[in-house]
Structures are given as structure tokens and as C-alpha cells.
Number of protein chains: 2
Amino acid sequence: MAKSWATLGVDLHLEPAGPHLRRGLTDALREAVRTGRLAPGTRLPSSRTLAADLGIARNTVADAYADLVAEGWLTARQGSGTRVAERTVAAPSAPGGPGPRAPHRPAHDFRPGAPDLAAFPRAEWLKAARRALLAAPNHALGYGDPRGRIELRTALADYLARARGVRTDPDRVLMCSGIAHGLRLLGTVLRARGVRTAAVESYGLDAHWNQLVGAGLRTPPIPFDDRGTNPADLGDAGALLLTPAHQFPMGVPLHRARRTAVVEWARRTGGLILEDDYDGEFRYDRQPVGALQGLDPDRVVYLGTASKSLAPGLRLAWMVLPPSLAAETAAAKGKVDTSSALDQLTLAEFITSGAYDRHVRASRLRYRRRRDALLTALAAQAPDVHITGIAAGLHAVLRLPPGTEHSVVQSASWQGVALHGLSYFRHPEAAPDGLDALVVGYGTPPDSGWTGALEALCRAMP
Amino acid sequence: MAKSWATLGVDLHLEPAGPHLRRGLTDALREAVRTGRLAPGTRLPSSRTLAADLGIARNTVADAYADLVAEGWLTARQGSGTRVAERTVAAPSAPGGPGPRAPHRPAHDFRPGAPDLAAFPRAEWLKAARRALLAAPNHALGYGDPRGRIELRTALADYLARARGVRTDPDRVLMCSGIAHGLRLLGTVLRARGVRTAAVESYGLDAHWNQLVGAGLRTPPIPFDDRGTNPADLGDAGALLLTPAHQFPMGVPLHRARRTAVVEWARRTGGLILEDDYDGEFRYDRQPVGALQGLDPDRVVYLGTASKSLAPGLRLAWMVLPPSLAAETAAAKGKVDTSSALDQLTLAEFITSGAYDRHVRASRLRYRRRRDALLTALAAQAPDVHITGIAAGLHAVLRLPPGTEHSVVQSASWQGVALHGLSYFRHPEAAPDGLDALVVGYGTPPDSGWTGALEALCRAMP
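What counts and how
- Residues numbered from 1 in each chain as written.
- Chains lettered and ligands numbered in written order.
- Predicted model: local features only at pLDDT ≥ 70, side-chain atom pairs only at ≥ 80, totals over all residues.
- Heavy atoms only, no water.
- Helix = DSSP H or I, 4+ residues; strand = E, 2+ residues; numbered from the N terminus.
- Buried < 20%, exposed > 50% of the residue type's maximum accessible area, 1.4 Å probe, protein only.
- Contact = heavy atoms within 4.5 Å.
- Disulfide = S-S within 2.5 Å.
- Buried area = accessible area lost by both parts, 1.4 Å probe.
- Salt bridge = Lys/Arg side-chain N within 4 Å of Asp/Glu carboxyl O.
- Polar contact = N/O pair within 3.5 Å; in protein donor to acceptor, adjacent residues only side chain to side chain.
- Pairing = 2+ DSSP bridges.
- Least-squares fit on C-alpha atoms with pLDDT ≥ 70 in both.
- Domains from an automatic or database assignment.
- Nonpolar A, V, L, I, M, F, W, Y, C, P; charged D, E, K, R; others polar.
- 1 Å grid on protein atoms, 1.4 Å probe; cavity = no way out; pocket = protein on both sides within 12 Å on 5 of 7 lines; lining within 4 Å.
- Points joined across faces, edges and corners; volume = space filled by probe spheres on them.
- pLDDT = per-residue confidence, 0-100.
- Phe/Tyr/Trp six-rings, centres within 6.5 Å; stacked < 30°, edge-to-face > 60°.
- Arc of directions from axis to C-beta.
- Axes fitted to C-alpha atoms, helices over the stretch in contact; angles between N-to-C directions.
- Parallel < 35°, antiparallel > 145°, perpendicular 65-115°, else oblique.
- Left-handed = near helix turned anticlockwise from the far one by under 90°.

Quick look at the side chain of D116 of chain B
All names here are of chain B. With respect to the helices and strands, the residue D116 is situated in the loop between β5 (108-109) and α4 (122-135). A residue is classified by how much of its surface remains accessible, and D116, at 3% relative accessible area, is buried. Non-local contacts of D116, meaning those with residues more than four positions away in its chain, are made with R366, Y367, R370, G443, T444, P445, P446 and D447.

The following block contains the structure:
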């Protein structure tokens, strides 16, 4: 349904209802700012006015404004309302170098999803790049096997067996540009095989669900309870997308009985489990949870990524495929590789030289210190906030009093603290569970700004 | 139509007729070898026997065999027939490093499409990588703008204006992983706008046409004559894919009158020209032909790539979009970038430091020397072969006596010389023109093997 926001001449293409409404409004406003249709400095109508204009709930507009303030597209100050942020626009072809057109970043970013980019091991990476590039055969620089560089697939097969209990050989490893890319390829292959439904968790990333939807699949959510995702009723699903080691964003591992149950479901029905192991490297208080793939390499696709362990900018992720899917999924990717051969060679060298293990160990210590500091600070300053999902990963879930999530996210964004509420990650078709919470990514702030960020976060708590 | 090749238990999914039949057969055989269904050493039936089994022309089978010998999947020796090549298969998780599973490469590779990979400026690239990575802000390593790194878009906007007469600013540059990726995005956007037909040239790359077809467009070919591609009758096409600076593979520039004519067509009809400027850097005997985009930046999309000027393994290409398409095409790419941030930062530094210009100049001299040596050698040893398309680029077209193309390609492949005949690049719906020719890529052989490769090529001439 396209609605026209007559006051500002902005067309908003909105779904009529549901959680997608907020996302649609946010996207439309962001796009209007990004393309300049809403000029820097423009004062936006109050959330009450716009909500009335559009015939939608005021909270939906307020949430969208808060998201865009957090992202830096809008600014909000008490007294002067919400405005389009002033930005530095690059002159065309400016000879003096890049002109940033990115929006202002928030002062403190606790949105989950990225590691501490300041800790990217630049010097070690450059050393590995030098060794890898000087040793590479010429043909490694040409059009490559769509599966990815053999050096990297070999290094990953070895590493994943050792660190995550994955059972594979290099021929069944397929490189992709991110887990979303991998899911799109898998969705395409499954759809071509006649699968119509891939069940997903009640909480997760719509960027991932959308890849499956884009491939033509339905993605109904399955319930979440104290033991994690509950696979009791998978209906006619031909596939199931899971984060078994560390549910995203709830932070719990899939219960042992359920690990067995999903594998049995897959064997009984011929279904496929898509195991998103996005942060399998980071465990603190307990034994690592091995990959589900190790239980049945014929029925589980393992997906991993360098985006959390190193940096999203590498655009390197990997799938480990059952033999029956390997050739088809590689063919879905295309006739040639799409990922940088140089980065792949470098990552292979980084892994085989031991630098990757050292980096992961150092990162684990850093994140664990941050997590402990987060717990200590919140215990002292926000004792009513209950914290869960902290045994692993780069984020924690902060349970809030019912009905307060929206106002905490909004008030934090006004204080320069970017946060996502749990509702941001709730599947639009999931049954309401009345949970109010924040998903706090403690990986993102740089070490240098960590103390200040933590103080700002505590101030934003109810 | 699926045909079963009972003798070897291999299912061949073949189209019933037309030029796609050969490609389908080649792909099916390659896949059977790659996956091990046809074991190393297996002797294949004679082309006559297989052709009779499948009910197709013997030449089609012979062509497919020749292609796969050239690629190294099969071996062929007079007396012992055609066999599946012996290959070194990597042990799973071999600790000793990568185990090559690639097929044997042909002794001499004259298939066009890749530059001399031995000339990739490894040391200079590593220096640029070091400067770029050490200078990059932390956020450059995160999830990036789908358009690509601003540093690179700025460097490219400047370079393309200077070197190719492209009119743009960094905001309208969109990075992609190759020209094929760019065409897929453009095809998707055009289809969403209601375009149904994108006309293409009679000769070109099916990997490119297939991207447009995959986006839902028809791709009828338009005629080719002495003045290059003839755009007199574009029917109801909403877009036109062209290689105006250096027709691929015919090697001629689009005639001046036709450059004007296609831009007039685009203005008159609202059509869009997709300008594939794949090797715009390499001109030898004449003034460079500027980009068509410079004539009308609102009606021409410019596509360029690092695959010819540096290396395909970088997976870096770029589009310059009309303002009206820029946001939509970026959105088609996704919410985040898919190309390596590190390589993008490095290429930006490589360009702005002047290393790119130096590398292109040095490459131009090297390729020009090769071209001259090719002309001299062929004039002496194959005086009946007429050579065209040599004023630019990395390949030449060698006209052959009518009816000889197939046998020359096949006999060359038996001698370890990989070649493509002109028919390999002919659009399946193009009107027959009776041309027999070879498309000889002289960029690929390394300098160290150039003399031997040239001698082998001359021996393979009729």
C-alpha cells in the first residue's frame, strides 16, 4: 500500500499492518534522507502528527524516528524536535580524496552484529597477505572455482574439524560473501528441489529470513521457550534455520534433547537443517557447544563467517554442505567465484600459520572482560535489569520491566546510545510472548571508548 | 530433455537443438568428471558412437570433447582415444596444505578473457595494501554501503573522467563483483521497471547474456557488419548491451555514426545503453575511443572492471549509473556491500598513488609487443590467415578458410593449445554469417612461456 506523506512530498510504500510496517517506514524515511528528498536540517512532523497523517500508531513512527536517530540520519533534541541530520556531502570527483557521505555515527553503538573493528589484527593480516600473495601461483589470480580457493577450503576444513567438530573435506566447503549470501544460495537450491517452507526461529535476523523468502520459500517461525527453540511441530517444513550453539539474539544454546530431536526430524522427513554458527568461536564459562553438523553431516548444512571473528568488511563466509547438495549449491553460485582471491589466500595463510587461533583467543579474553564489566556495572547501577545469554558470543539480553522496551530504546537514542530492542529481532508471525528486553552488542565499541560507552549505557537504563 | 548415456550411467540434461546443445553436453560431461562419476582414466566412447547414442551430430560431440581437452578434464592422444584426465585429488583435511584438484591446464592457453596473470604487480599491490589498511578508519572494516567504499568510488570517478571521458560523481558509482554481476543487477532493475527486452550484439559472452535472461529479459541479437554492431532496428528493446570501444570478440570500435545513432535511439525511446568497457585501457595504434557514456550520462550505464587491467581474482568491477537508476540499482545489490573492503581500499590507494596508471602503461607496452610478435609470426608461418581486431585489447580475430574453424580448434586442442573458435561467441539466435575464425587471447600466456606458446599456435594453423 503506497501512502503519500503530502506535507513533505515523500511517497511511503508501507505494508498495511504488522511489524513490517515499522521497518517499511524506517526504510522509506532513510531512503528519503539518503537521496536528498528530505534535505539536511528539515524538521520532521511530530510522531503524533505523522502517525495521524498516515493512519498508523504513534509508537510505530516514534520507533522509526528512534532507529534513524540511532543510525545518524536524523537528529533529535528536546525542544527542537526531530530533524534531518546535517551531513558532509562529497563534491563530485573531488581531487582531495574521499568525501564522507555517511551519516553521523552514534556516540556509542551497542547494536549487535559486528566485532570490535579496532581490534582487527592489521599488522598480522598484512604479514599473512604478503606471504600468501608472494607464494600464490599465477592462476590463483584468475577466474576461480565457484567453491572458492582450494587453499582456504582446505584450511577451513581442518580448522572447523578441530575447533567446531565439523566433519567435512575441502570439496564440500563453499565460500560465500556472507551468511545471507549462503542462505540465498541454499534457498534457491531447496526451492528448485520442490521445498516450499523453511521454518525459522521466532527471534533472528530478517536479513536472513528475507534471503529465503527471496528464493521463494515461506518462513514460518517456530516457538521459543526455556530450552531454546522448540522443534516439536515443524509442519511440512523441508528445512529449518537454526542458531544452535548460541541462539541469536536470545543467547542460549539449543538444549541437548532438542539437538537430538531436530536431527531425528531431519532424518525422518528428509529435511535439512541450516546451522548458522555465526559466533561459534566465543565461549566463556562453559565447554564449547560443538557444531550440530557433527551429528549428521548428511542432513546439516554448516554456515560460518569471518564477520564476527575478524571483520564484516572481508565479506568471507563459508558453508559446509552435505555431499548431495555440494555440486548443486556451487552451481547456484555461478560459473566463477565471486569472492576476492587475495583475501581468501590471506585468510588461508592466517589460519594455517596459527594467527587466526591467536586472534580468536585474544578476542575471547577481550570480550569476556567486557562482558564481566557490563555485568558488574549493570548490577551496581541497574539492579532491576536481568541479564541473560551471557555465556558466549558478543551480546547480552537485558530483560526490562514489561512495556518499557520502546521508551528505553528511544531515550537511549536521544542520549547518543544506539540500541536495539528485542522486538527488532522478533519474527513478524511469532506469537506474542510479552518479553521486553534490549539486545546489547558489547563487541562494537572500541576499547578506547568502552568505559564511556558503558557509562552511557547504564545511564540509559530504566 | 534429459537423455541417459547408458553405457557410462551418466545422465545428460540436454536441450534438443541449437548451439546450447554443445554447451549443455560440455557442461554435463565436465560435471560428470568433476564429481567423479566418470573416473580418471575412463575411456570415453568415440564421438561417432556417442553422437549416435544421443541422436545428435557428431561434430557437437567432437566439439565438446575438444573443449574439455582444452580445459584439461579430458586427455586425447591419437591411438588411445579420449580419456578422463588423471588428477591429483586432495586428501580430506590434508595437513600439508592445499591439494590441487583442478584439472591439468592446457600447455598453451589462448582463450581470451584474462590478462597475463604473471604480470600482476604483486609487490606494488602489497605496498598499496599496507598504506591503505594502516590508514583506514575502523568503520571501513564493518558492513559497508552497498555502493562500495567511498574511497574507491571517488578514485574511480576521477580516473574514469580522466582516462575514459566518463562523466560522473562518486555517488553514482556502484561496485560489483564483475561485469556479469553488474548486468544481473541492471537486468533486475530494468525488469522491475517493465522492460522485457534487452538487445545484445551478435557476438559476445553468453555469461553476460545469461545474466539478463536470468533477470527475466529476452536478449535478441542485433546484426553485425563492417561498421560494427548495427542498431538500425532495435524493435521494442528497452535496453541495448554494447561493447562500443572494442567489440568483443570482433575487435572493432563502433563506428562514429552508430555511436551517435544509438544515443539518439536511447533519447528517442527512453531506452538504456549498457556500455561494457571491459578493456578500455588497452589501445595501441590510434587515439583511445572515449566512453559512450560521455555522450549522455543519463542514458548510458558504463561498466568497467579490474579483471583485464589487473586480475579477475580481485572480483572488482564498477558501474557508473544515470541519476535515475543509482538508488534502485544499489538497492538491488542489497543492504550491505558484497565486495572486500580491503581490496577496495587497496585499489583506491593503487589508483590515487599513480601505480594503476603505471601498471596500465607497462601492460599496454607488453601486450603491444605480443600483438606485434603474433602478427609477424603468423605472417611468416600462416600467410593465409587474415587478422583483424588488433588495434586494441588483448585478443585478435584470425579469419580462417570457410568450414575449417572446427577442425583447427580441435587439432589445436590435441596439441595442447587451448583456443576458442568464433562460433563459441556467436549468439544462438544470430543470423548465420559464414565466418570461420579463431579468437586468440594473447594476454594469457605468461611472458616466460610466450615464445613457445606462439610457436605452438602457429603450428596449429591450417
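So, the state of the cysteines
Applying the stated criterion to the full structure yields zero disulfides over all chains. The thiol of C176 of chain A is unpaired, and the distance to the nearest cysteine sulfur, on C176 of chain B, comes to 19 Å.

Description of the interface of chain A and chain B
Contacts between the two partners involve 59 residues from chain A, matched on the other side by 57 residues from chain B. Buried area between chain A and chain B, summed over both chains or domains, comes out near 4,800 Å², and the portion from carbon and sulfur atoms is 58%. Taken as a group, R122, L126 and Y143 of chain A account for 14% of the area that chain A buries against chain B, more than any other trio of residues on that side. At the junction of chain A with chain B, the criterion picks out one salt bridge. For K335 of chain B, the salt bridge identified is with D27 of chain A, shortest N-O distance 3.0 Å. For the pair chain A and chain B, the number of links is 17 residue pairs in polar contact (both at pLDDT 80 or more). Elements with a contribution of two residues or more to the side of chain A that touches chain B: α1 (19-34), α4 (122-135), α5 (150-164), α9 (306-309) and α11 (341-352) of chain A.

Details of the pattern of salt bridges
Within the structure shown, the criterion is met by 44 salt bridges over all chains. Note that D279 of chain B and R283 of chain B form a salt bridge whose closest N and O atoms lie 3.9 Å from each other. Overall, the relative accessible area of 2% leaves D279 of chain B in the buried class. When salt bridges with common partners are traced through the structure, they connect D116, R366, R370 and D447 of chain A into a single cluster.

Quick word on the sheet that holds strand β19 (residues 437-441) of chain B
Pairing between the strands of a sheet comes from backbone hydrogen bonds, and it takes one of two forms, parallel or antiparallel. Residue and element names in this part refer to chain B. Here we have four strands laid out as an open sheet, ordered β15-β16-β19-β18, and antiparallel in their pairing. Two strands lie at the open edges of the sheet, namely β15 (386-388) and β18 (420-421), each paired on one side alone. With three bridges connecting them, β15 and strand β16 (residues 395-399) associate as antiparallel partners. Note on β16: the bridge partner recorded for H386 is R399.

Things to note about the side chain of T229 of chain A
Residues and elements named next belong to chain A. Assignment of secondary structure puts T229 in strand β10 (residues 228-229). Taking the relative accessible area as the measure of exposure, T229 reaches 2% and is therefore buried. Within polar-contact distance, the side chain of T229 engages the side chain of E201 at 2.7 Å. If sequence neighbours within four positions are ignored, T229 has contacts with E201, I222, P223, F224, L242, Q247, L254 and R258.

Quick look at the relation of the copies chain A and chain B
In screw terms, the move from chain A to chain B is a rotation of 180 degrees and a rise of 0.1 Å along the axis, fitting with an RMSD of 0.1 Å. This pairing of chains is accounted for by a two-fold axis. An overlap of 97% is found between the interface residues of chain A and their copies at the interface of chain B, pointing to a shared contact surface.

Section: helix α14 (residues 450-460) of chain B
Taken as a whole, α14 of chain B has its buried residues at W450, A453, L454, A456, L457, C458 and A460 of chain B. Looking at the packing, one finds that the buried side of α14 of chain B touches β5, α12 (355-381), α13 (405-414), β17 (417-418) and β19 of chain B.

Here we look at unusual backbone geometry
A negative phi holds for most residues other than glycine; trans holds for most peptide bonds. Residue and element names in this part refer to chain A. Note that the residue after F248, namely P249, is joined by a cis bond; omega there is 5 degrees. Looking at the secondary structure, you find P249 in the loop between β11 (239-242) and α8 (256-269). Here the phi dihedral of R315 falls at roughly 55 degrees; this positive angle occurs in a residue that is not glycine. With respect to the helices and strands, R315 occurs in the loop between α9 and β14 (317-320).

Digging into the domain arrangement of chain A
All names here are of chain A. In terms of domains, chain A is made up of domain 1 (5-84), domain 2 (109-113 + 358-460) and domain 3 (119-356). Tallying the contact residues gives 15 residues for domain 1 and nine residues for domain 2. Viewed at the interface, domain 2 and domain 1 are joined by zero salt bridges. Linking domain 1 to domain 2 there are two residue pairs in polar contact (both at pLDDT 80 or more). The set of elements that each furnish at least two residues to the side of domain 1 that touches domain 2 consists of α1, α3 (58-71) and β3 (74-77). Here the side of domain 1 that touches domain 2 takes eight residues from α3, the largest share from any one element. Considered class by class, the residues forming the side of domain 1 that touches domain 2 number six nonpolar, three polar and six charged.

Comments concerning empty space enclosed by the protein
The full count for this structure, using the stated rule, is twelve cavities of 30 Å³ or more. Its volume calculated, the largest cavity comes out at about 190 Å³. Lining of the largest cavity is provided by 18 residues; of these, A129 and D343 of chain A together with W125, A129 and D343 of chain B occupy positions nearest its centre. Elements with a minimum of two residues in the lining of the largest cavity: α4 and α11 of chain A together with α4 and α11 (341-352) of chain B. Here the residues of the lining of the largest cavity are counted per class, giving 14 nonpolar, two polar and two charged. Computed from the structure, the second largest cavity encloses a volume of approximately 90 Å³. Surrounding the second largest cavity, E201, Y203, G204, L205, H208, W209, L241, L242, T243, F248 and D276 of chain A form its lining. Contributions of two or more residues to the lining of the second largest cavity are made by α7 (206-214) and β11 of chain A. Classifying every residue of the lining of the second largest cavity gives six nonpolar, three polar and two charged.

Looking at the sheet that holds strand β15 (residues 386-388) of chain A
Pairing in this open sheet of four strands is antiparallel, and the strands run β15-β16-β19-β18 (chain A) from one edge to the other. Each end of this open sheet is capped by a strand with a single partner; those strands are β15 and β18 (420-421) of chain A.

Quick notes on the confidence of the model for chain A
Taken over all residues, the pLDDT of chain A has a mean of 88, while the share at 70 or more is 91%. pLDDT under 50 marks residues 88-102 of chain A. Its contacts with residues more than four places away, or in other chains, come to 24 contacts.

Overview of the packing of aromatic side chains
All names here are of chain A. Across all of its chains, the model carries 18 aromatic pairs over all chains by this definition. Their ring planes at 90 degrees and their centres at 5.4 Å tell us that F248 and F425 sit as a pair that is edge-to-face. With F248 in the loop between β11 and α8 and F425 in the loop between β18 and β19 (437-441), this residue pair connects regions lying 177 residues apart in the sequence. What makes F248 buried here is its relative accessible area of 8%. For F425, a relative accessible area of 3% gives the class buried. Judged by centre distance (5.3 Å) and plane angle (80 degrees), the ring pair of F282 and Y367 falls under edge-to-face. Of this pair, F282 sits in the loop between β12 (272-276) and β13 (300-305) while Y367 is found in helix α12 (residues 355-381), placing the two residues 85 residues apart along the sequence.

Points about α7 of chain A
Residue and element names in this part refer to chain A. Of all the residues in α7, the buried ones are D206, H208, W209 and L212. In a view along the axis of α7, the buried residues occupy a sector of 155 degrees, so they form one face of it. Immediately beyond the C-terminal end of α7, within one or two residues, lies G216, with a positive phi of roughly 100 degrees.

Describing the environment of D337 of chain A
As for its position among the elements, D337 of chain A is in the loop between α10 (323-333) and α11. Given the relative accessible area of 5%, D337 of chain A is considered buried. For the pair formed by D337 of chain A and C176 of chain A, sequence separation is 161 residues and the distance between their alpha carbons is 8.6 Å. D337 of chain A has contacts with G144, D145, P146, G148, R149 and Q344 of chain A together with R315 of chain B, leaving out every residue within four places of it along the chain.

Observations regarding the packing of helix α6 (residues 179-192) of chain A against α7 of chain A
All names here are of chain A. Direction vectors running N to C along α6 and α7 enclose 25 degrees, while the axes themselves pass 8 Å from each other. With respect to their mutual orientation, α6 and α7 come out roughly parallel. For α6 against α7, the interelement crossing comes out right-handed. The segment α6 lies against α7, with I179, A180, L183, R184 and G187 engaging A207, H208, N210, Q211, L212 and G214. Broken down by class, the residue content of the contact of α6 with α7 amounts to five nonpolar, five polar and one charged.

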